Amino acid sequence: MSDYNLIDEPWISVVVDYKGTTKLVGLKEFFEHAHEYIALAGDMPTQDFAVMRFLLAILHTVFSRYDAHGEPYEMIELNDRMQQIEKVDLEDEEDYEDALMETWKDLWNAKKFPEIVVKYLDAWHDRFYLFDDKYPFYQVTKEEIDTSKISKASPSKILGKNINRLISESGNKIALFSPKYDANNNKGLLTYDELTRWLITFQSYTGLSDKVIFGNEKYKASKGWLFDLGGVYLSSDNLYQTLILNLRLINRSNVNYNYSVQKPCWENAPSKLVEKAIRSSCIDNIAELYTTWSRAIYFNKFNMDDVFQMEIVKLPDIKHEDMFLEPMTLWKYNNVGDNKGKFTPRKHQLNKSLWRSFGLMTKFEEAGEVNAKIPKRKPGIIEWLNDIDESIKNQHIKINAISMEDDGNATSWVPINEVEDKLDIGEFIVNDLQKNGWVDRINNIVDRTKDIIEKNYRAFLNDIAKIRGIESGAFTSSSIESMYFKIDKPFRDWLTNINYDDNKDEKEQIWNKELKNLVIRQAKIIIEQASPKDFTGIIENDSVKNIVTAYNNLMSNINKKL
């Protein structure tokens, strides 16, 4: 029995006006009217990120096969279900890349999706049923998790309050500040549209608290591909533009990815998807990456009045090392450990503003170019922004950061919080890559800002702790975070207000003056709260060290750097 088709039924939550009005739409209505919507409006930002990637998988699939006018590329062969049969021939690769880039430009200028997207969805209508005997959406059938195929007598059980990340309540610990009350099993209830969105999110952010695997030979299980990412994506004030900005049809990091056949999960049978996941940890196409599963999930019935329950079995993890097919993450270079000499995704840190990672977002440095030990690699989506510079001139965009924080327990990795941030800047800033351009300038300014706080202001705080005879750890750390909090909004305002024609030297001096004033103001607050002991000080190296000498040292160091 087939029920609740995602193409027709309303489940995607979108913002439709600047009053914040939202509505639910199905896939067909979404792609017909995306240009009229402002943003996704799901239950939480991490959910919107997961749903956006699912929507992008559809677009990558369609526009890897058809141009913006709905015509198939002459370099590829399609079957009667609009499915690409083989990879692009070697002699056609350059022409195919040119065609993809032309398609992107046409889509950007068209300002709405062509009919070919809905035609593709119609061709695969049978694969988008939430409930189906053969092809349930983002799930497997009962046969795939039969007792004979798994490590225990039955799969792990997951309830509605477990997959609802607004609650994330286990059977052992009650979520004290839940947005749902517990009476009448309310925490475990889901509507059809909620279930669909949380299902996509659960496959992306899972954790490792469940214990059942396929077979009896252990493997490294996935905790959800997005769980490990320091997510980075672009956005505009128009949902159509947001999707097109993130539709990276050309990969400059590894051009071989450009010729791969797109393989979204719905174009394969559940049994084939499980077999592929167990057999190989490598993925070579972005539609498959954006729709990859972390669990084989099964539920055979659903009633909005009953507590939701599903059965799950762990699937193996995806290869993380140098996985540059993934465009939407920060990267870290590993000097030690199992991944030594390789890049792996780097998660965002709670309470660390995105601008503090500006260098990780915008710089590409080979080992030895600046620092032989720490090469940098910017996210693919920022590389893509550089590629489309000419097409989007003078656009004001947002660079968004998104991560899911875990509980720090390596045996469970339970999602407990999300990290969200954004930078509102002109695209010309990120695309000014020349020497002494905006990217270089802002990176230097950020490094200098952090240097003054982490070295000079920290040294001042450590001196105060020494004078007072207290441990410097907690006092210094909290004061440093307070300093970052004080400069956060002023720095964002300064960055947002950079205009294309601004004089770089003058703009830099404006921030230097603001930074100096902010640091001095915080230092003076500490002085105003000082005790007589702080002024008496201590003897160190035959000289007096007190709060005044510490302040003078801070002032001297700031003046030298600014």
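Refer to the preceding data block for the structure.
(A) Structural detail: the sheet that holds strand E3 (residues 22–25). Spatially, the 3 strands line up as an open sheet ordered E3-E2-E4, and their pairing is antiparallel. The open sheet has two edge strands, E3 and strand E4 (39–40), and neither has a second partner. As paired elements, strand E2 (residues 12–15) and E4 share 2 bridges and run antiparallel to each other. Note that in E4 the partner of valine 15 across the bridge is alanine 39.

(B) Up close: the packing of helix H2 (residues 45–63) against helix H4 (residues 116–123). At their nearest, the axes of H2 and H4 sit 10 Å apart, and the two run at 100° to each other. When the axis of H2 is compared with that of H4, the two are roughly perpendicular. Only Ile116, Val117, Tyr120 and Leu121 of H4 make contact with H2, whose side of the interface consists of Ile58, Leu59, Thr61, Val62 and Phe63. Each residue belonging to the contact of H2 with H4 can be placed in one class, and the counts come to 8 nonpolar, 1 polar and no charged.

(C) Molecular detail of the environment of lysine 455. Looking at where lysine 455 falls in the secondary structure, it is placed in helix H13 (residues 438–468). For lysine 455, a relative accessible area of 56% gives the class exposed. Placed 102 residues apart in sequence, lysine 455 and asparagine 557 show a C-alpha to C-alpha distance of 9.7 Å.

(D) Empty space enclosed by the protein, seen in detail. With the rule as written, the count across this model stands at 4 cavities of 30 Å³ or more. For the largest cavity, the calculated volume is near 140 Å³. Taken together, 14 residues line the largest cavity, and the ones lying closest to its centre are Arg248, Leu249, Tyr257, Gln262 and Ile286. Taken together, the residues that form the lining of the largest cavity break down as 7 nonpolar, 6 polar and 1 charged. The space that makes up the second largest cavity amounts to roughly 100 Å³.

(E) Quick look at the sheet that holds strand E9 (residues 309–314). Overall, antiparallel pairing links the 3 strands, which are arranged E6-E9-E8 in an open sheet. If you trace the sheet from one side to the other, it starts and ends with strand E6 (156–159) and strand E8 (295–298), each paired once. Adjacent strand axes in the sheet meet at a mean angle of 35° when their direction is disregarded. Here 4 bridges tie E8 to E9, and the two strands are oriented antiparallel to one another.

(F) The packing of aromatic side chains, seen in detail. Scanning all chains against the criterion turns up 35 aromatic pairs. Where phenylalanine 491 meets tryptophan 511, the ring centres are 5.1 Å apart and the plane angle is 80°; that geometry is what we call edge-to-face. Taken together, the residues phenylalanine 491 in helix H14 (residues 472–496) and tryptophan 511 in helix H15 (residues 504–528) connect sequence positions 20 residues apart. Each member of the pair phenylalanine 491 and tryptophan 511 is classed as buried. The structure contains a cluster of three or more aromatic residues connected by ring pairs, namely Trp11, Phe54, Phe128, Phe137, Tyr138, Trp266 and Trp293. Here the basic side chain of arginine 81 rests over the ring of tryptophan 124, its NZ or CZ set 3.9 Å away from the ring centre. Of note, arginine 377 hangs over the ring of phenylalanine 324, and the distance from its end group to the ring centre comes to 3.6 Å.

(G) Region of the structure containing H4. Buried within H4 we find Ile116, Val117, Val118, Tyr120 and Leu121. Of the surrounding elements, those touching the buried residues of H4 are helix H1 (27–33) and H2.

Quick notes on the rules
Residues numbered from 1 in each chain as written. Predicted model: local features only at pLDDT ≥ 70, side-chain atom pairs only at ≥ 80, totals over all residues. Heavy atoms only, no water. Pairing = 2+ DSSP bridges. Helix = DSSP H or I, 4+ residues; strand = E, 2+ residues; numbered from the N terminus. Axes fitted to C-alpha atoms, helices over the stretch in contact; angles between N-to-C directions. Parallel < 35°, antiparallel > 145°, perpendicular 65-115°, else oblique. Contact = heavy atoms within 4.5 Å. Nonpolar A, V, L, I, M, F, W, Y, C, P; charged D, E, K, R; others polar. Buried < 20%, exposed > 50% of the residue type's maximum accessible area, 1.4 Å probe, protein only. 1 Å grid on protein atoms, 1.4 Å probe; cavity = no way out; pocket = protein on both sides within 12 Å on 5 of 7 lines; lining within 4 Å. Points joined across faces, edges and corners; volume = space filled by probe spheres on them. Phe/Tyr/Trp six-rings, centres within 6.5 Å; stacked < 30°, edge-to-face > 60°. Lys NZ or Arg CZ within 6 Å of the ring centre and 35° of its normal.

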